[in-house]
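A closer look at the structure
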Amino acid sequence: ALIYGGLGQFVAGMWEFRNQNTFASTGFTSYGAFWIALGILEIFARQLGIAEEQVPIALAWTFTAWAIFTFYMWIGSWGVNAALGIVFTLLLATFILLAATEFTHSMGLRQIAGWVGIVTAISAWYVSAADVLNDTYGRTILPVGPAAGGGS
């Protein structure tokens, strides 16, 4: 959470800022900060003795805030390509389910959120692999589909 998910994405966001890629810069920097914050929250909860019953409500509101952020990133993602739109659809569902899990303490919802999160990660890895392979070979190795409105 702190290094690859957090710092790695945050730094990638800064590079995308330099490239003037608003969507990627905002996404990588923000989700990198999310992972750093989540890691620190978990560390603080255990090391500083935050009352166990307070952690779920903190997580519930954290996931709710990130669902709101992810909602408008979801709208923007369809302007990049269809594969990224799918990633953000799944990510939005994951955050909604995680928030609902923490608000309700439902183990069933937690399991569903976990499975949706795994599918989200697999879809994000696909997009990452497509970006790397398609750019490296200068042609479509893994298709990502057109952006909404017909771009690619």
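As the structure is a computational prediction, the values presented were derived from the model and not from experiment.

Our next topic: the overall build of the protein chain. When its secondary structure is counted, the protein chain shows 5 helices and 0 strands. Taken from the N to the C terminus, the helices and strands of the protein chain come in the order α-α-α-α-α. Within the protein chain, the fraction of its 152 residues that count as buried is 33%. Of the contacts made within the protein chain by residues no fewer than 6 positions apart, 56% connect residues no fewer than 24 positions apart. Split by element, the accessible area of the protein chain, about 9,200 Å² in all, is 70% carbon and sulfur.

Turning our eyes to something else, we now look at the packing of helix α2 (residues 22-47) against helix α3 (residues 55-77). Between α2 and α3, whose axes approach to 12 Å, the crossing angle comes to 170°. Put simply, α2 runs roughly antiparallel to α3. Where α2 abuts α3, its residues Phe23, Thr26, Gly27, Ser30, Tyr31, Phe34, Leu38, Leu41, Glu42 and Ala45 lie against Val55, Leu59, Thr62, Phe63, Trp66, Phe69, Thr70, Met73, Gly76 and Ser77. Tallied by class, the residues present in the contact of α2 with α3 amount to 12 nonpolar, 7 polar and 1 charged.

Here we take up α2. A rise of 1.5 Å per residue sets the reference length of α2, with its 26 residues, at 38 Å; its end C-alpha atoms lie 37 Å apart and thus fit the reference within 8%. All buried positions along α2 are accounted for by Phe23, Ala24, Ser25, Gly27, Thr29, Ser30, Tyr31, Gly32, Phe34, Leu38, Gly39 and Ala45. Where α2 terminates, the next one or two residues include Gly49, which has phi positive at roughly 70°.

A cluster of nonpolar side chains, contributed by Leu2, Ile3, Leu7, Ile40, Ile43, Phe44, Leu48 and Ile50, occupies part of the molecular surface with about 710 Å² of accessible area. Those elements that provide at least two residues to the nonpolar patch are α1 (3-18) and α2. Looking at the nonpolar patch, the element that brings in the most residues is α2, giving 3 residues. Along the chain, the position of Ile40 falls in helix α2.

Another aspect to go through is the packing of α1 against α2. Packing of α1 against α2 leaves a shortest axis separation of 7 Å and a crossing angle of 160°. In terms of orientation, α1 and α2 fall into the roughly antiparallel class. Every pair of crossing elements has a handedness; the one defined by α1 and α2 is left-handed. Residues Gly5, Gly6, Leu7, Gln9, Phe10, Ala12, Gly13, Met14, Glu16 and Phe17 of α1 pack against Ala24, Ser25, Phe28, Thr29, Tyr31, Gly32, Ala33, Trp35 and Ile36 of α2. In terms of residue class, the contact of α1 with α2 is built from 11 nonpolar, 7 polar and 1 charged.

Attention now goes to the pattern of salt bridges. Evaluated as defined, the whole model comprises 1 salt bridge. Here Glu102 and Arg110 are joined by a salt bridge, their closest N and O atoms 3.5 Å apart. On the accessibility criterion, Glu102 (8% relative accessible area) is buried. On the basis of relative accessible area, Arg110 is assigned to the partly exposed category, the value being 38%.

Here we come to the side chain of Thr70. Inspection of the secondary structure assignment puts Thr70 in helix α3. At 2.7 Å, the side chain of Thr70 and the side chain of Tyr31 are in polar contact. Every residue in contact with Thr70, bar those within four places of it in the chain, is listed here: Tyr31, Phe88, Leu91, Leu92 and Phe95.

What counts as what
Residues numbered from 1 in each chain as written. Predicted model: local features only at pLDDT ≥ 70, side-chain atom pairs only at ≥ 80, totals over all residues. Heavy atoms only, no water. Helix = DSSP H or I, 4+ residues; strand = E, 2+ residues; numbered from the N terminus. Buried < 20%, exposed > 50% of the residue type's maximum accessible area, 1.4 Å probe, protein only. Contact = heavy atoms within 4.5 Å. Areas by Shrake-Rupley, 256 points an atom, 1.4 Å probe, with all protein chains shown as cover. Axes fitted to C-alpha atoms, helices over the stretch in contact; angles between N-to-C directions. Parallel < 35°, antiparallel > 145°, perpendicular 65-115°, else oblique. Nonpolar A, V, L, I, M, F, W, Y, C, P; charged D, E, K, R; others polar. Expected span 1.5 Å × (residues − 1). Patch = residues over 30% accessible without salt bridge, like charges linked within 9 Å, V, L, I, M, F, W, Y side chains within 5 Å. Salt bridge = Lys/Arg side-chain N within 4 Å of Asp/Glu carboxyl O. Left-handed = near helix turned anticlockwise from the far one by under 90°. Polar contact = N/O pair within 3.5 Å; in protein donor to acceptor, adjacent residues only side chain to side chain.

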